[in-house]
Each structure stands twice: as structure tokens, then as C-alpha cells.
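Residue-level listing of the chains:
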Amino acid sequence: MHTRTTPTIQRNVHSRNRKAKAEDSYSETSSDDLDDDDETRDRRKINADLPSEYWQIQKLIKYLKGGNPTATLIALCSLRDFDLSQDICQIAIRDVDGLEALVNLLDTTEVKCQIASLKILKDISQSKPISRSLTDLGAIQSLIRLLSSNVPDLQCLSAETIANIAKLTRARRLVRKDGGIGKFVSLLRIPSSVNIEYLKEDKKAVELLRCAALGLCSLSKSKKNKRKMKNSGLIKHLSKLITLEVEAILVPVVATLSECSVDPEYRAAICEGGIIQYLSKFLESENEELVSHCANAIFHCAEDELTRTLIRQHNGLEPLSRLIRNTENVTMLEGVTGAIWKVAIDQENCEIFKNLKLCESLVPLLHNQPEEVMINVAGSIAECAKIPENIEQIRKSNGLTHLVNLLSGTNSTLLINVAHALGKCATEPDSASIIDKYDGVRLLWSLLKSPYPPVQSSAAWAICPCIDNNKDAGEMVRSLVGGLELIVSLLKSDNREVLASICSAVANIAKDEQNLAVLTDHGVVPILSKLVVDHCNDDYVRGHIADAIGRCCIWGNNRKEFGTRNVVKPLVKYLKSKDSFVFKAAAMALFHLSLEPDNCVVMHENHAKQWLVNMVGDEDWTLQEAAAGCIANIRHLALANDMARSAKR
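Help me understand the side chain of Q114, please; the structure alone is not making it clear to me.
If you trace the backbone, Q114 turns up in helix α7 (residues 111-124). Those residues in contact with Q114 that sit more than four places away from it in its chain are L105, L106, T108, L146 and L154.

Now the structure itself:
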């Protein structure tokens, strides 16, 4: 047995080095650390009546500082007999600098002492205050060093302890700066010479892979760490590990994939690595934690079209539709509903969900659930409502009522998804009537007052089909006090999405002459005239601007006023757009403007006819009529001028 003298001196030197590094890194702490420091650093005041455990633990800590290796090991084993998850036990350790003693033991040459110390550190590091103290003491440097040990137990315990401590932002940064990420990734490497079946039966090898994956899962919460992990070849190793199908390894592996899949580069690598088929397969697992991570990974990866196709090809849609019936596990439900939302973006997937009657199962989740779940459910319904049969399922399941009720909430993301869902459902006249009946249109209109542009635009888009498919739309809009004035005021928004949606709403409102008259009184013409020039290069917005102008031409002297405000020339330029919606809307607007002679002159001067002639042969008959009518009006004016000149002669 070695004496304690030399190791003790070595530990103190390491301790000073660690403290210096920790203090240097502490100055770099970002504002993100405030999220981790939600618990106060101040030590709790100890009451007079302390339990006996407190004093017993303190006596044992003293042996760690000055005893020989045997006494130290006995003290460490005795410490593990206590319930170290209790606050009083952790306070007892901290009050006599027990954490520093435990960290110092990591730098000894006594493997048994190192293992015993790590077992204690692994347990108590689940506490945030303890993790914070360990970071301050520089424990991470010693733990990273032990990852390269030849002793598997030391590697496992070090990795799992880092996994606990790395829930803190500063700790994650320290691991990266001290080269820990490369060591973690290397622990996942399975040599090609290893027999996979033998590996599955090797408990120590499986445990090491599990602990390494746990550590990477915690570290992956940092963007810089994700980049470093990817450059270290993480996906290649995870792709191999997932094929082992060992549940103990799968949970942290898939959790890491779920965390990393937020990054588009990771999503592409996951797709290329053939991981999607396993994520779809594991949705059938009885392990709810694994299913939850799989669903979350699919939720992120299904942003990409290829992933949505692969999930369908690997039969992942049916398990998802079944899993939403399990409402007891909220974490899993959140992941599953999120996955459904994203895969439903694909039209073919929606068709399968229609046959599975998914919407009937989704509707009950629109109430009495956490907001995160309802956000995903509303998003799922919005995507599924692209198919008329799904809208019918939603309506018959009383889904419209639940959606309208959610419009009274305050969560912006939920409001956006609910508005999208109602907008899609309102494309069917029966659904539009139900939405109006339950005050849905008024509530959508009230969302236009939101200070958040995405909420405003989603509400405006939803209002459009509600107006378009309502028999008494004109009266409905007029019943909203101050509604038209609010619409006109939003045309001054700087947000392009808001402008596009509000212009579309104006085009629908203007179908009713009385409402158009009110819009005109509120100054819609000068505002649209300014917009047509300001957004002359943005196809997304200018198509809706042209549509609104065309609708507004019908009332009074609006055609003439648009002309005097120089709207005609930029609209002629719109005809050159490659976007069919833009040039169709422009042609329609020019047709209405051409009923004013002065506007025809401007069209002729700007060579509108050469573009309109090509549109006369288009397959869209409304475009044909608009183009032909515009050309006819220009020619009538030209003929009238010729006749006038002839009469003068």
C-alpha cells in the first residue's frame, strides 16, 4: 500500500491548477449561464436540530483528507451508505470542503479510491448546486483525463458524472475547451474487427457506450459543441450504434440524435446515414422514453421532404397515429404530436392519415392538455385540413369549436397554428359558417391587434376564406366595429407577410360594395398606391397588392385616383413577372384601370399591349378575358383619338 503523503501533495497541485482554470473560464461566462443559476448560491441556514447523519458524514470526510488509502476507501464506502440525494447530506459534504477532497482523490494513483470517489460524485452531481461547485473546483479537467483511462469503470463513471455536470452551460463550454468532446466521440467507436453479437453480451462494453452517449447528449445542448461533435464524426458512430438495437444504448443515442437534429446539417447526415428507418421502427418499442426521443427526432428531421417520404416508406405513420391515444405520458405525447405535425406537411402522408381517421383522435387533444401539446395538435390539424375529407372529420368531431375556443389564449405560437387550422377548414362553406356561428371571425379579427406580426398575418390569412365562403360576408364584416379601419392601418406595416395577408383580406372585403366604400373612406387607395411602388421587386407581396387594387377599382373614382397616383406604370412592369399569380393579378387590375381613358394612355406608352397579347392565349380563361378586355379598351381609346383627329381635318 502507498502512503498518503505523496498523493496528497499531488492532489493539492492539481487542485490549484484546476481552480486557476475554472476561475479563468468563469470570466467568460455568458448570459446563458443565468438560466442554469436559477438556484441561489447561498448556503442554507442550518437549524439547531441537525440530524445525526450530518455529523457522521463530516467525520467521514475528515478521513478523506488525512487518512491512508485503506481508511480513505473505507470512508468512501461508508459515505455511500447514506442517501446522498438528501439535501442535508449534500450540505454536510460541502460544509467541510468534502467536494474538494473527493475531486482531489481523482488525481491519485489508487484506482479503488478513484472509483469510490466517482461513484459518490456521480450520485451527488445530479444536484445543480453541487454541479456548480464541482465546476468551480475544476473537476471537469480531472474527469476528462479519466476518460482516457485503461480502466473501463473509471471511463464509465467519469462519463456519467460529466453527463450530469454538463447540464450547466459553463460546464459544457469547459468540456469543449479541454478537448473532452473528441474523447467522448472516440468512446463510441466500435472497431470493425469486433463481433457485434459478442459485443451485445459484453455488459461492460455496453455500459461504456451508454455512458459516453449520455455525456454527448448533455453536451449537445450547445451549438458549438454540436459543430465540434459533427466534425469529430459523431453521426457515423451513432449510425452504427443504433443498429445494435440494445435498449440501454438506444435511449441516450436517440436522445442525442433528437437534440442534434435541430441543426439542418445534422438532419441531412441523419437521413444519409440510414437512421430514419430505425427511428420509425423504434416507435413500436414498449420503452416510452425511447419512443419519446424517436418522435422528437422525427419532429425535427421531418422539416425536410426526403425524411417525410422515408418515414412513410418505413411504415412510421401508423405507429404515430396509435401513439396519440396514450395521453398519460405528456412528454411522449408532445413528441408524437410534433412528429405528426411535420410529416403531415406531405400530401401523401395526409392521405394515409385520412384513412387512419387521425383527425378524430387529434381533436380531443385540443383541450385539457399542456400548451406544447396543443400547439403541435393545432399544427397537425392545419396540415391535415388540406384534404376535404379530413376537414369533415374535424367538423364532425367538434374540432372547430375547440379551435375557436383556443383563440382566446395568449400563447403566440398556439394562436398562429390555430389560425392556420381555422383558415384551412374555412375553405369549406359549412365549416366557415360554424366558425362564424361560434364567434370565430370576431376573435380572428381581434388577433390583428396583436403586436406580434406572425400572429397578425396568420389571422389575416384565416379571415380571407371565412369571408370568401360566407353568404352574408358583407354584413358579417360590417358588424365588426372598427374592423375595416384596423385593416387599412395594417397596410402600413413593415412586415411583408403582414402586408401580403392584409392585401389579400382587402381583396376579399372589397367584393362587397358597401365595405369597399368604407375602405375608400379610410384611405385605402393612397396606401395601396404607395405599396405598389415600394414593393415593385417582391413577387410575394406585389401579387396581393395588384389583386387588392383590382378589387378596389370598382368603387367611385378609385380608378381615376389610382391613375393620378401613378399606379399604372409599375403594374405594367408586374406583367413581366414569372410568377403566374403576380401577372394574372396585374392583368386583372389593369383591365379595371383601363376603363379610365387616361390610364389607357399610360398603358399604351409603357407597351402593356405586347405583354397582354401573349396572355390572351393562356389556358386560364379569366386571364384571357382580362388581357383581351384591357387590349380592347386601349384600342377603343386609340380609335376614338383617330376619329377625333379625322373630324378636325
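Please clarify how helix α18 (residues 264-272) should be interpreted in this entry.
Given 3.6 residues to a turn, an α-helix orients residues that are three or four positions apart in the same direction. Turning to α18, its buried residues are Y266, R267, A269, I270 and C271. Packed against the buried residues of α18 are α15 (223-231), α16 (234-242), α17 (247-260), α19 (276-281), α20 (288-301) and α21 (305-313). Positive phi shows up at G274, right after α18, with a value of about 70°.

I'm lost on the environment of D304 in this one. Help?
Along the chain, D304 falls in the loop between α20 and α21. As for D304 and D346, which are separated by 42 residues in sequence, their C-alpha atoms are 10.0 Å apart.

Looking at this structure, how should I read unusual backbone geometry?
Comment: phi is negative for the bulk of residues other than glycine, and the bulk of peptide bonds are trans. Phi is positive for E245, which is not a glycine, with a value near 55°. Looking at where E245 falls in the secondary structure, it is placed in the loop between α16 and α17. Of note in the backbone geometry, N368 takes a positive phi value of approximately 60° without being a glycine. A residue is classified by how much of its surface remains accessible, and N368, at 72% relative accessible area, is exposed.

Explain the pattern of salt bridges to me, please; I cannot follow it from the model alone.
Any two side chains of opposite charge can pair if their charged atoms end up close together. Evaluated as defined, the whole model comprises 25 salt bridges. For R267, the salt bridge is made with D304, and the minimal N-O distance between the two is 3.3 Å. Taken together, the residues span a long stretch of sequence, with R267 in helix α18 and D304 in the loop between α20 and α21 at a distance of 37 residues. When its relative accessible area of 11% is taken as the criterion, R267 is described as buried. Note that R442 and D439 form a salt bridge whose closest N and O atoms lie 2.6 Å from each other. Here the residues in one salt-bridge network are E160, E207 and R210, joined through shared partners.

How each quantity is defined
- All residue numbers here refer to positions counted from 1 along the written sequence of the relevant chain.
- Local features are withheld for residues below a pLDDT of 70 in this predicted model, meaning they are given only at 70 or higher, and side-chain atom pairs are given and counted only at 80 or more; totals for whole chains, interfaces and linings count all residues.
- Water and hydrogen atoms were dropped before computing side-chain values, which therefore reflect all heavy atoms in the structure.
- The way it works is that DSSP assigns letters per residue, a run of H or I at least four long becomes a helix, a run of E at least two long becomes a strand, and they are numbered from the N terminus.
- By definition, residues are in contact when any of their heavy atoms lie within 4.5 Å.
- With a 1.4 Å probe rolled over the protein chains alone, any residue whose accessible area is under 20% of its type maximum counts as buried; one over 50% counts as exposed, and the rest are partly exposed.
- The salt bridge criterion pairs a side-chain nitrogen of Lys or Arg with a carboxyl oxygen of Asp or Glu, the two atoms within 4 Å.

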